[in-house]
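Structural overview
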Amino acid sequence: MLLIMQIKTKKIAKGYYQITINDDVYTVEQNFDLFDNGWQLEIDDEIIDTCSTLSEAKEVIKQINQKETQ
């Protein structure tokens, strides 16, 4: 079965993005304390992962969302 993902990215403020996949909402925050000024992924105000780029964070969110919907 092929799932179609609808992904929306909304800038909330400088360094904060809201990623919506179908009806699931994730928050991505740039953390300037990380050595690479990377991005941290948050679900329910809990940091679950860090990524070097926003694009990488979106890919991780896609993978998480796929696991949750299976």
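Residues numbered from 1 in each chain as written. Predicted model: local features only at pLDDT ≥ 70, side-chain atom pairs only at ≥ 80, totals over all residues. Heavy atoms only, no water.

We now examine the overall build of the protein chain. A tally of helices and strands in the protein chain yields 1 helix and 5 strands. Counted from the first residue to the last, the protein chain has its helices and strands arranged as β-β-β-β-β-α. If you line up the protein chain on its principal axes, its C-alpha atoms span 40 × 20 × 20 Å. Per-residue burial over the protein chain gives 30% buried out of 70 residues. Long-range contacts, defined as pairs at least 24 residues apart, comprise 23% of the intrachain contacts of the protein chain with a sequence gap of at least 6. Of the roughly 5100 Å² of accessible surface on the protein chain, 46% is carried by carbon and sulfur atoms. (Helix = DSSP H or I, 4+ residues; strand = E, 2+ residues; numbered from the N terminus. Buried < 20%, exposed > 50% of the residue type's maximum accessible area, 1.4 Å probe, protein only. Contact = heavy atoms within 4.5 Å. Areas by Shrake-Rupley, 256 points an atom, 1.4 Å probe, with all protein chains shown as cover.)

Okay, the pattern of salt bridges next. Scanning all chains against the criterion turns up 1 salt bridge. We note a salt bridge from lysine 62 to glutamate 59, for which the minimum N-O separation is 3.0 Å. Placement of both lysine 62 and glutamate 59 in helix α1 (residues 54-69) is noted, with a separation of 3 residues, approximately one turn of the helix. (Salt bridge = Lys/Arg side-chain N within 4 Å of Asp/Glu carboxyl O.)

End to end, α1 covers 22 Å across 16 residues, agreeing with the expected 22 Å (1.5 Å per residue, within 8%). Taken together, the buried positions of α1 are Leu54, Ala57, Val60, Ile61, Ile64 and Asn65. End-on view of α1: buried residues confined to an arc of 140°, all on one side of the axis. Of the exposed residues in α1, those oriented more than 90 degrees away from the buried face are Ser55 and Lys67. (Expected span 1.5 Å × (residues − 1). Arc of directions from axis to C-beta.)

Structural measurements only, silent on function.
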